[in-house]
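Breakdown of the fold
Each chain is listed here by its residues.
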Amino acid sequence: AWLKVSRACERDALFILSDHGFTSFRRNVNLNRWLELEGYLTRRADASGRDYLQDVDWEKTRAYAFGLSGIYVNLKGRESRGIVPPAERAALKQEILSKLSALKDPQSNESAVLAVYDNEAVYRGPYSNNGPDLIVGYRRGFRVSWETAKGRVAGELFSDNTRPWSGDHCIDRTLVPGVLFCNRKMTSDIPPHIMDIAPTVLDLFGIPKPAYMDGRTLQLMPDGKHHA
């Protein structure tokens, strides 16, 4: 049902949106364990299952995972104990991307990963290097493990998610699209994207969109007709 906004007039724009959808989360994928098995990450001799990457031997580790979807290159000159020369970064990313894209769950033989995205292909602008080097897009039913999210290497590569947190959205973006409602008709046939909201709001206030900002300005009709 539409919200009733008593003070809104025809020229006002009302947006109601969610930035993502939702799906089941049945199987954990321990990215750090995968990186270790593939020879990209090495554990310290005194490793004891600690959080926040404390068990990582940085002198022998070329890549590591932390958080909900990111893999980082242990880059020399960026990480405090980086060992990968900048000239080797691109090749290493492509190697990991290719191998991880073929990862299957041995329990079901299902592919766990829909796509792996290179940050240089999907990010741009002055803050593009602040994110992970690779972003993992999981298939439905899979998600990064609780261990990986906390920077832990210990654990099985695949395991059942037995927690009450049985649904999630931290998978490939194409599988959990959000929704957008607007009280004014949009004139473009191109489906709107969440990145279009910021430049559209700026335009409504007469503020130019910064050159580095992603997204396009949505063109709205001033007719006040509901549109989804």
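Since we're looking at a predicted model, the values are computed, not measured.

**Overview of helix α5 (residues 197-204)**
- Those residues of α5 lying buried are Ile-197, Pro-199 and Thr-200. For α5, the buried positions fall inside an angular range of 165° around the axis, keeping them on one side.
- A positive backbone phi angle near 75° is found at Gly-206, which sits one or two residues after α5.

**Some points on the layout of surface pockets**
- For the largest pocket, the calculated volume is near 1,300 Å³.
- At the level of elements, β1 (15-18), β8 (134-138) and β12 (179-182) are the ones that each hand at least two residues to the lining of the largest pocket.
- With 3 residues, the top contributor of residues to the lining of the largest pocket is β8.
- Partitioning the lining of the largest pocket into residue classes produces 22 nonpolar, 12 polar and 6 charged.

**Brief notes about the side chain of Asp-168**
- By the secondary structure assignment, Asp-168 is in strand β11 (residues 167-168).
- A polar atom in the side chain of Asp-168 sits 2.7 Å from the side chain of Trp-165.

**Quick notes on unusual backbone geometry**
- Positive phi is not limited to glycine here, since Leu-53 has a value of about 65°.
- In this structure, Leu-53 sits in the loop between α1 (31-37) and β3 (63-66).
- Using a relative accessible area of 11% as the deciding quantity, one classes Leu-53 as buried.
- At Asn-109, a position not held by glycine, the phi torsion is positive, near 65°.
- Checked against the element boundaries, Asn-109 lands in the loop between β5 (104-105) and β6 (110-111).

**Some remarks on the sheet that holds β3**
- Spatially, β3-β4-β8-β7 is the arrangement adopted by the 4 strands of the open sheet, whose pairing is antiparallel. A single partner strand is all that each edge strand has here, and the edge strands are β3 and β7 (113-118). Neighbour-to-neighbour, the strand axes of the sheet open up by a mean angle of 25°, direction not taken into account.
- Here 4 bridges tie β3 to strand β4 (residues 70-73), and the two strands are oriented antiparallel to one another. By the bridge assignment, Phe-66 is partnered in β4 with Gly-70.
- Together, β3, β4, β7 and β8 form the strand contacts of helix α2 (residues 89-101), whose direction differs from that of β7 by roughly 170°.

Calculation rules
Residues numbered from 1 in each chain as written. Predicted model: local features only at pLDDT ≥ 70, side-chain atom pairs only at ≥ 80, totals over all residues. Heavy atoms only, no water. Buried < 20%, exposed > 50% of the residue type's maximum accessible area, 1.4 Å probe, protein only. Helix = DSSP H or I, 4+ residues; strand = E, 2+ residues; numbered from the N terminus. Arc of directions from axis to C-beta. 1 Å grid on protein atoms, 1.4 Å probe; cavity = no way out; pocket = protein on both sides within 12 Å on 5 of 7 lines; lining within 4 Å. Points joined across faces, edges and corners; volume = space filled by probe spheres on them. Nonpolar A, V, L, I, M, F, W, Y, C, P; charged D, E, K, R; others polar. Polar contact = N/O pair within 3.5 Å; in protein donor to acceptor, adjacent residues only side chain to side chain. Pairing = 2+ DSSP bridges. Axes fitted to C-alpha atoms, helices over the stretch in contact; angles between N-to-C directions. Contact = heavy atoms within 4.5 Å.

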